[in-house]
Amino acid sequence: MCSLQKRDGVFILTLSGEGEHRFNPPLIDFILSALAHVNQNAHLASALITTNDGKFFSNGLDLQWLSEFSSSRENRSQILVFKFGQLLTALMELKLPSIAAVCGHASAGGFFLALAHDYRFMRKDRGFLYMSEVDVGIVIPPSGMSIVRSKVDSRYLTEIVLGGRKYTAPMAFKAGLVDSVHDNSAKTLEAAIDAAVKMGQKNWNKEVYLQLRLSLFSEPMEKLRLGTKEGSPLLSRL
Amino acid sequence: MCSLEKRGRVYVLTLSGEGDHRFNPSTIDNIAAALKEVQDSPDAGALVTTNEGRYFSNGLDIQWISQNPDAHLSTIRIKFENLLASFMRLGVPTIAAIRGHAAAGGFILALAHDYRFMKGDRSVLYMSELDHGMKLPRSLMAVVRSKLLPAASRDVVLGAGKFSAQTALEGRIVDSVYADSAQTLEAAISEAQKLASRGWKKSIYSELRLGVFPGVVEELDAHRDPYLFPASAKL
């Protein structure tokens, strides 16, 4: 599932194992409780880094879980979209700066997970960022769109969201989707830890940091909170 | 304080003197009066805001605030919000000719202009709030968000980055960069003259600006979300 450790005063959340780290309620709940632990101990750390084992950061929602029982697909779809909204909200409400050390493919929900972090570092030697919804036939809810619009240069919105373009690390760096690229997984994580330690040295007031983040991204936060309150649009055509 | 001069159809508002041009009620009233003169002038075509000395502006007058924090903080916030709203409503194109450091409220004032021209050396843009343990009221954040690209807004607000003219240009925080003070002002006036010569109608330009940056003046006018001065703020 996932593991949480602390190194050099930095929390590291790892999506563990060799699979695609797709989100279903059990994994999401695991991550949510890790994030709750981080929040409770925010005073002891400088940042959270989210990273992965294997070849995938995350390929998004667990579509198999959705279609496990045909009779409950509609129900499961509402639950999953709701819980994924909870996950993105928890990240955006995290009491520490956050870095996604993307060490593998990040598609659809996985791409959103990376976007919900303050910074993105990515490995160069494999993996791409890919908003696959248009190819797979899934609607992105207003909260997701709002996150994309607030984090992505508008020049690239069309080709990312409507074009389903796959971004290798160099392309992603050029488009400002990631902040730095590194030779391999180990170096990506190392660089993220370095950056986290440097942020810690700035001694920022964490309440202020959180308020600034929530204010900077007030539109997506509003849409996320609506989504987790009223329930979200169904995933279609799966 | 500030001085206002007219060159043809271009008004030049200069934050004058060698200090760091901080905003308190009297300096704000001074600037507001100048803006009113521009707005009321029938042949005004554009406004250039610039500075003397080494600072564009370092933002709010913290000394004045600390004389009586509880009262002065809300006064200055409301007055500063009104000033920014006046810039956003002005019926003529505005260019900030940044010829010195601009931090916090000074940076936000520059962002409230339509265009930003900056001098290449010894000028840094810096949203210092995070480093000083200060929050940004949602009204001022609305101005910041409306003018910066997502990556830049993140680096400016959550990174408390110090941007030289060149990095500001790369992040599209400013529109162009010039070798020195004189050339920066010259270029701004020259561009202002071009804009003024388009003969645009004040009410239309103002409405278009409000439309392209929706929600910003509404936030500034609402004067909500008190600027809480955290006890731990380092100044």
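Residues numbered from 1 in each chain as written. Chains lettered and ligands numbered in written order. Predicted model: local features only at pLDDT ≥ 70, side-chain atom pairs only at ≥ 80, totals over all residues. Heavy atoms only, no water.

## Brief notes about the overall build of chain A
Argument step 1. Helix and strand counts for chain A come out as 11 helices and 10 strands.
Argument step 2. Taking 18 Å as the expected radius of gyration for a compact globule of 238 residues, we find that chain A reaches 17 Å, a close match to that expectation.
Argument step 3. Across its three principal axes, chain A shows a C-alpha extent of roughly 50 × 35 × 35 Å.
Argument step 4. Every one of the 238 residues in chain A was classed for burial, and the buried ones make up 56%.
Argument step 5. About 10,100 Å² of surface is accessible on chain A, with carbon and sulfur atoms providing 52% of the total.
Argument step 6. Where the 27 positive side-chain charges of chain A centre and where its 23 negative ones centre are 2 Å apart. (Helix = DSSP H or I, 4+ residues; strand = E, 2+ residues; numbered from the N terminus. Rg over C-alpha atoms; globule rule 2.2 N^0.38 Å. Buried < 20%, exposed > 50% of the residue type's maximum accessible area, 1.4 Å probe, protein only. Areas by Shrake-Rupley, 256 points an atom, 1.4 Å probe, with all protein chains shown as cover. Lys, Arg positive; Asp, Glu negative; His and termini not counted. Charge placed at Lys NZ, Arg CZ, Asp CG, Glu CD.)

## Some thoughts on the layout of surface pockets
Argument step 1. The space that makes up the largest pocket amounts to roughly 1,200 Å³.
Argument step 2. As for the largest pocket, its lining consists of 39 residues, and the residues nearest its centre are Ala142, Arg145, Ser146, Lys147 and Leu148 of chain B.
Argument step 3. Among the elements of the structure, helix 6 (142-151), helix 10 (206-216) and helix 11 (218-230) of chain A together with strand 7 (115-119), helix 5 (138-147), helix 6 (150-158) and helix 10 (216-222) of chain B are those that each provide at least two residues to the lining of the largest pocket.
Argument step 4. The element contributing the most residues to the lining of the largest pocket is helix 5 of chain B, with 6 residues.
Argument step 5. Here the residues of the lining of the largest pocket sort into 18 nonpolar, 9 polar and 12 charged.
Argument step 6. Approximately 870 Å³ is the volume found for the second largest pocket.
Argument step 7. Taken together, 34 residues line the second largest pocket, and the ones lying closest to its centre are Asp179 of chain A together with Ala151, Ala152, Arg154 and Asp155 of chain B.
Argument step 8. Those elements that provide at least two residues to the lining of the second largest pocket are strand 7 (119-123), helix 8 (169-174) and helix 9 (185-201) of chain A together with helix 6, strand 9 (162-164) and helix 7 (165-170) of chain B.
Argument step 9. The dominant element in the lining of the second largest pocket, judged by the number of residues it contributes, is helix 6 of chain B, at 5 residues.
Argument step 10. Among the residues making up the lining of the second largest pocket, the classes are represented as 17 nonpolar, 5 polar and 12 charged. (1 Å grid on protein atoms, 1.4 Å probe; cavity = no way out; pocket = protein on both sides within 12 Å on 5 of 7 lines; lining within 4 Å. Points joined across faces, edges and corners; volume = space filled by probe spheres on them. Nonpolar A, V, L, I, M, F, W, Y, C, P; charged D, E, K, R; others polar.)

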